[in-house]
Amino acid sequence: MSSITEAEQDKFLRFIEQSEELAQHENHLHQNPYDVSAWIRYMDSVDDLIDSDKQRDPSSKAATSSTLIGQDPDLATLLKLRDWIGRRAVSLLPRSYKLWKHHWEFVLQGNRRQTQERSQMKDSDVQIIFFSDQMVLLCFERCLWTLSAYPRVWLEYFAFIKDHPGCMSVTTGRRTMNRALESLPVIQHGKLWSSILEWIHAPDQQLLEQQSPSQGDDGEETTTTTESTMIAAAATVSPGHEHQWIIPLESRVRLLRRYCQFNPLYKSDFAEFLIRHKRWGEAAVQYQQLLNLTASAAANNNNLESSGSRDAYWQAFSDLCTQHPDEVEEAGVTWEPILRAVLRSERQKKESSSTTATTDGSTSSLLEGMLWTQLADSWIRRGSFEIARSVYEEGLQTVKTVRDFSVLYDAYLEFEEGLLEAATLALEEEQTGEDTEGKGDSAPGGRDDFDILLGETANSTVADMELALARAEHLTSRRALLLNAVVLRQNPCSVSDWLQRADLYLDLDLAGQATNALEEALLSTSKAAHRCVNGRPLQMVLKLAQIYEESLNDLGKAQSLFDRICRKFEYNFMKAEDMAECWAAWVELMLRHEEWDEALSLARQSIAPGAGPKKLNLTKSVRLWDLLLDLEESLGTVQTTKDAYRRVMEIKAATVQHVLNCASFLTDRQYFEESFAAYEKGIELFAFPHVGAKVLWKWYLTAFTNRYQGTKVERTRELFQRCLDDCPAEDSAEFFLMNGEYEEAYGFAKRSMSVYQAMCRKLPMSEKLLAYKLFIAKTTLYLGAAATRDIFQEAIDVLKDQEAALICLDFARMETTLQELERARAIYTYGAQMADPRRLPEYWKGWNEFEIAHGNEETFREMLRVKRSVEAVFSTINYNASGLNEQLDTLTDEQAMQLIADQEGVEHQPSSSASSHLVQSNITGFVPSTSFVGVNNKRSAKAANLHEIEARVAQLRKVTTSQLPLQENEGSEGAEVAIGENDEEINIDDIDAEIEEAAASGYIPNEDDKATTKEHHINSDDDDDHKKSTT
């Protein structure tokens, strides 16, 4: 809109005078021209009039259109009046933000309405009168003369420019944005750059809106956003958009460069923008700067972005440099030196610290193998295949992880296979061309000689194919070696990997390479022998010597190796055993080549002082002494052998086997006394309780007795006595037996019995039973059965209850063989207290057989009564159910009685004295065990020995026999057999059933004066039973 003329101003004043409301505002402002609120109310009143005037015509768009093109003079006057009032207000108050905001919003609103109406009308009908783009621009420019420090003004200005392409030139727009950045402080630039970036990227957004993605030849969606394509697209714009912003790419790039100075992290988006527009070199520069920025920030502990973002930058940077190496190099980015520097710093960092976190923005989690692959790929794209191959080889010799190796090796193999495929295709094409040429021209010499000399021939193509095939096969065959090298770079102290490397070379018939690998292994682990894992360093030395000897047939190098290891100490072994094995391997090497004197000399040198380093003492090495003693016996003299054995015993490096070998060596050569002296020296070195002392004494005693037999009896007895005095009880049984056999063969029976008696007393409790049985057997053999009674008595007193019961069983059987039936019965009665029927059923079976064979009804009844009493006593003991091997817990008397009552199906009446009576009562013929009565002695005072038991049994038999006739007519059914007042009741019916069964079998003899009926035996009163119990 042009400036307001004086005629128009007069017209506006007349219009204001016609309106009372506007006249009031005008008068008020005439008095207070600097009242901002008054000016705002004035402009709002005019706006209300404009809105009310528009609403007069109900026709929507036609009425509105006519007003804007000037067919309604009242509305046109109001619009001009509104603009004139706004100009007057901002002229008087040019620094009032509110007035300017009201003014430019009015202008922008009118411009938007005009734009909408123009899009709905034909171009011939539109006459631009109000609110053109230039009017809006002038409005903002006038505002910025005084309000240039307000970011909001600039933002509104930029928004209008972006939405109205063509309102100004690109250069003017760029300069306007430059003025805005210069006017505002840096802290407020971030508010402006968002609008500037929208304007910069507007061409791309408009193009994406107008063009859908097109399908390329390969089926992928492709979008072309180059400058020429945007210009072509702008020629076919839709109605209502006469112009589109066509910003030159260079202008956009420069603006984005300036923004990157403000926000360095935007370089990644800037690089993507450059990649979209195929400016590869500059994109690589931006990525390089971004990586430098993140590296410096990480060094200052200012993590601008995470390590994952840095890895993404590296990946994008390497992809650019790989896919477009020429453009990147032209832009000044030296890709290969950068990559090598990064890899070098990464390796140094890994060597100095075990942590994998990076502090300089380097490739913390990126595959190192991937970077090497990309570097080689960049040379492949340039056509430098040999350089690419050298890069692959260098990478394979550098990476330290199996993952990186796999990536790099697969890429290398794919590269070689590609060359092989290309050579094969070239050969096929050449053969096809020759066939075609032969058909067209059959005359020889179809090609010129000069072409043949300079061009490629079929032979050269075949050679290229064969060379490519050989390279691929060579790479495949080296995979195991290359992988082994990667593992060794991870841990150079892995012995098993070095040995595997040597074996791989040997499989390829490369013995020289195997020796070089092992030499390198010894050199690299010499100062770090303590860090060797997965094997011993000795294995590498032995393997290297084996290769020299077997694969290379070079004895001199093998000797030189052992000389460097054993004499010059080139390898620092941590253990003396390893150095000793090296000496032994050297000696065995000489023996295999029949260098006897040299082998013996080396063996003697190996145990000499100074044979090893000061920290490794080889003078007491068992391995070397074994070897030396064997060689002395085989190659040396008798005197040198004796000296060697004497020396090893003096320095206390001998073993039990050395002593035995020395004694055997001297015995074989008739040096008997010296062999016995060797035994004595060995016994002094390995005294009891050493495990070798038993072996030495056994061999010593055997050799001595075999040598002298019965000639030096006293000396032999002295040796046995010395041995038995020092020998522990658990190891003395064998020596007692040897002593006893010797006395039986060359001494007296009495002395042999004393030896066996001492054995029974010294052996541990677990072996005493067998010892006593042997003692009893030997006594029976030499002195007779009667002489064993005291031994039996002693065994019963010493052994545990269960074992004592078994001895009682043997004792009773012995007495039975002597026809001492009363003594045997007394022994059975005495041993019954220790024989639990549940655990020793054989005891009661033996007593049962004895009574059947030699007893009568009364003795059989007495045996059953004792058995029942013993069962009642032992019922308080609960054993493990799996064989009754272990005692679990002890029941109380009350619990035991309740258990018996439950088993027999009767009701139990608890009694305070019932549980204790069973133990406290004195059962005739039964001696309670201390295990159950709780006394200190093994037997009770009433039955201290077997003689008392025999006397009591005889008295019991006499009284029972005399009283049987008196009881014949006094019995009654249901009588009880009781012993004592409160003794346990016995089921007579069960006893009679057992007796009848035994009588029917004919096992119980009938006595004429003692045969009675059932009533004679069971009918007895309490008084008679009490008398019997007392007797």
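## Here we look at the overall build of the chain
Now for step 1: Helix and strand content of the chain: 51 helices and 4 strands.
Now for step 2: Taking all 1031 residues of the chain together, the buried fraction comes to 43%.
Now for step 3: Here the contacts in the chain between residues at least 6 apart in sequence split such that 62% fall between residues at least 24 apart.
Now for step 4: Taken as a whole, the chain presents about 53,700 Å² of accessible surface, with 49% of it coming from carbon and sulfur.

## Side note on the packing of aromatic side chains
Now for step 1: The full count for this structure, using the stated rule, is 34 aromatic pairs.
Now for step 2: Here the aromatic rings of Tyr392 and Phe415 are separated by 5.7 Å at their centres, their planes lie at 35°, and the arrangement is tilted. On the criterion of sequence distance, the pair formed by Tyr392 in helix H20 (residues 385–396) and Phe415 in helix H21 (residues 402–440) is long-range, its members being 23 residues apart. The burial state of Tyr392 is the same as that of Phe415; both residues are buried.

## Observations regarding the pattern of salt bridges
Now for step 1: On inspection of all chains with the given rule, the structure shows 44 salt bridges.
Now for step 2: The partner of Glu393 in a salt bridge is Arg478, with the nearest N and O atoms 2.8 Å apart. Of the two residues, Glu393 sits in helix H20 while Arg478 sits in the loop between helix H23 (458–477) and helix H24 (479–490), which places them 85 residues apart along the sequence.
Now for step 3: What makes Glu393 partly exposed here is its relative accessible area of 23%.

## Considering the state of the cysteines
Now for step 1: In total, this model carries 0 disulfides according to the counting rule given.
Now for step 2: Note on Cys723: no disulfide assigned, nearest cysteine sulfur contributed by Cys727 at a separation of 5.3 Å.
Now for step 3: Looking at Cys723, the relative accessible area reads 0%, which means it is buried.

## So, H20
Now for step 1: The end-to-end C-alpha separation of H20 is 17 Å, in line with the 16 Å expected for 12 residues at 1.5 Å each.
Now for step 2: Turning to H20, its buried residues are Ala388, Arg389, Val391, Tyr392, Gly395 and Leu396. Buried residues of H20, viewed axially, fall in a sector of 160°; they line one side.

## As for the environment of Phe317
Now for step 1: Along the chain, the position of Phe317 falls in helix H16 (residues 307–323).
Now for step 2: Ignoring anything within four residues of it in the chain, the contact list for Phe317 reads Ala284, Tyr287, Gln288, Leu291, Val333, Trp335 and Ile338.

## Thoughts on the environment of Met765
Now for step 1: Along the chain, Met765 turns up in helix H39 (residues 765–782).
Now for step 2: Measuring from C-alpha to C-alpha, the distance between Met765 and Glu730 comes to 9.6 Å, with 35 residues separating the pair along the chain.
Now for step 3: With residues up to four places along the chain from it excluded, the contact list for Met765 reads Val798, Leu799, Lys800 and Glu803.

## Comments concerning the side chain of Ser378
Now for step 1: Mapped onto the fold, Ser378 is located in helix H19 (residues 368–381).
Now for step 2: Of the polar contacts made by the side chain of Ser378, one reaches the backbone oxygen of Leu375; its length is 2.5 Å.
Now for step 3: Leave out the neighbours within four places in its chain, and Ser378 touches Cys321, Thr322, Pro325 and Trp335.

## Overview of the packing of helix H31 (residues 622–635) against helix H33 (residues 656–668)
Now for step 1: Relative to each other, H31 and H33 sit at 10°, their axes nearing to 12 Å. By the angle class used here, H31 and H33 are roughly parallel. Counted together, Val622, Trp625, Asp626, Leu629 and Glu633 of H31 and His658, Asn661 and Phe665 of H33 form the full contact between these two elements.
Now for step 2: For the contact of H31 with H33, the class distribution of residues is 4 nonpolar, 2 polar and 2 charged.

## Comments concerning a nonpolar patch on the surface
Now for step 1: Together, Leu781, Tyr782 and Leu783 give the surface a local cluster of nonpolar side chains, amounting to about 320 Å² of exposed area.
Now for step 2: Within the secondary structure, Tyr782 is located in helix H39.

## Brief notes about unusual backbone geometry
Now for step 1: Across the junction of Phe688 and Pro689, the peptide omega takes the value 10°, indicating a cis bond.
Now for step 2: Position of Pro689 among the secondary structure elements: in the loop between helix H34 (672–685) and helix H35 (691–708).
Now for step 3: The phi dihedral of Asn553 falls on the positive side, at around 50°, and the residue is not glycine.
Now for step 4: Mapped onto the elements of the fold, Asn553 is located in the loop between helix H27 (537–551) and helix H28 (555–566).
Now for step 5: Note on Asn553: relative accessible area 63%, which makes it exposed.
Now for step 6: If you check the backbone angles, Phe569 has positive phi at about 55° while not being a glycine.
Now for step 7: Tracing the backbone through its elements, the reader meets Phe569 in the loop between H28 and helix H29 (576–592).

## Remarks on a negative patch on the surface
Now for step 1: A contiguous patch of negative charge on the surface is contributed by Glu20, Glu21, Asp44, Asp48 and Asp51.
Now for step 2: Taken together, the elements giving at least two residues each to the negative patch come down to helix H2 (20–31) and helix H3 (36–54).
Now for step 3: Looking at the negative patch element by element, the count peaks at 3 residues for H3.
Now for step 4: With respect to the helices and strands, Asp48 occurs in helix H3.

## Points about the packing of helix H8 (residues 151–163) against helix H10 (residues 189–200)
Now for step 1: The N-to-C vectors of H8 and H10 enclose an angle of 5°; their axes lie 10 Å apart at closest approach. The pairing of H8 with H10 is recorded here as roughly parallel in orientation. Two secondary-structure elements touch here, H8 through Pro151, Trp154, Leu155, Phe158, Ile161 and Lys162 and H10 through Lys191, Leu192, Ser195, Ile196, Glu198 and Trp199.
Now for step 2: Classifying every residue of the contact of H8 with H10 by side-chain character gives 8 nonpolar, 1 polar and 3 charged.

## Comments concerning the side chain of Lys267
Now for step 1: With respect to the element layout, Lys267 can be found in helix H14 (residues 267–276).
Now for step 2: No salt bridge is formed by the buried Lys267; its nearest oppositely charged neighbour, Glu282, is found at 9.3 Å.
Now for step 3: Only 2.8 Å separates the side chain of Lys267 from the side chain of Gln289, close enough to count as a polar contact.

## Examining H27
Now for step 1: Between its terminal C-alpha atoms H27 stretches 21 Å, which fits the 21 Å expected from 15 residues at 1.5 Å a residue.
Now for step 2: Among all positions in H27, only Pro537, Leu538, Met540, Val541, Lys543, Leu544, Ala545, Ile547, Tyr548 and Glu549 are buried.
Now for step 3: Turning to H27, the residues buried within the fold contact helix H25 (495–507), helix H26 (511–525), H28 and H29.
Now for step 4: Positioned one or two residues after H27, Asn553 has a phi angle of 50°, which is positive.

## Remarks on the confidence of the model for the chain
Now for step 1: Residues with a pLDDT of 70 or more make up 71% of the chain, whose mean pLDDT is 76.
Now for step 2: Note that residues 123–128 has pLDDT below 50 and, in this model, 4 contacts with residues that lie over four places away or in other chains.
Now for step 3: Ignoring residues within four places in sequence, the model shows residues 210–242, a span with pLDDT below 50, making 36 contacts including any to other chains.

## Some thoughts on the nonpolar core
Now for step 1: The biggest cluster of nonpolar side chains holds 137 residues, and the ones touching the most others in it are Trp583, Trp697, Phe735, Tyr843 and Trp847.
Now for step 2: At 10 residues, H29 tops the list of elements feeding residues into this core.
Now for step 3: Residues in contact with Tyr843, not counting those within four places in the same chain, are Ala805, Cys808, Leu809, Ile827, Tyr828, Gly831, Ala832 and Ala835.
Now for step 4: Listed in part, the 107 residues of the second largest apolar core include Leu137, Ala271, Val285 and Val342.

Calculation notes
- Residues numbered from 1 in each chain as written.
- Predicted model: local features only at pLDDT ≥ 70, side-chain atom pairs only at ≥ 80, totals over all residues.
- Heavy atoms only, no water.
- Helix = DSSP H or I, 4+ residues; strand = E, 2+ residues; numbered from the N terminus.
- Buried < 20%, exposed > 50% of the residue type's maximum accessible area, 1.4 Å probe, protein only.
- Contact = heavy atoms within 4.5 Å.
- Areas by Shrake-Rupley, 256 points an atom, 1.4 Å probe, with all protein chains shown as cover.
- Phe/Tyr/Trp six-rings, centres within 6.5 Å; stacked < 30°, edge-to-face > 60°.
- Salt bridge = Lys/Arg side-chain N within 4 Å of Asp/Glu carboxyl O.
- Disulfide = S-S within 2.5 Å.
- Expected span 1.5 Å × (residues − 1).
- Arc of directions from axis to C-beta.
- Polar contact = N/O pair within 3.5 Å; in protein donor to acceptor, adjacent residues only side chain to side chain.
- Axes fitted to C-alpha atoms, helices over the stretch in contact; angles between N-to-C directions.
- Parallel < 35°, antiparallel > 145°, perpendicular 65-115°, else oblique.
- Nonpolar A, V, L, I, M, F, W, Y, C, P; charged D, E, K, R; others polar.
- Patch = residues over 30% accessible without salt bridge, like charges linked within 9 Å, V, L, I, M, F, W, Y side chains within 5 Å.
- Lys, Arg positive; Asp, Glu negative; His and termini not counted.
- Charge placed at Lys NZ, Arg CZ, Asp CG, Glu CD.
- pLDDT = per-residue confidence, 0-100.
- Core = buried A, V, L, I, M, F, W, Y, C linked by side-chain atoms within 4.5 Å.

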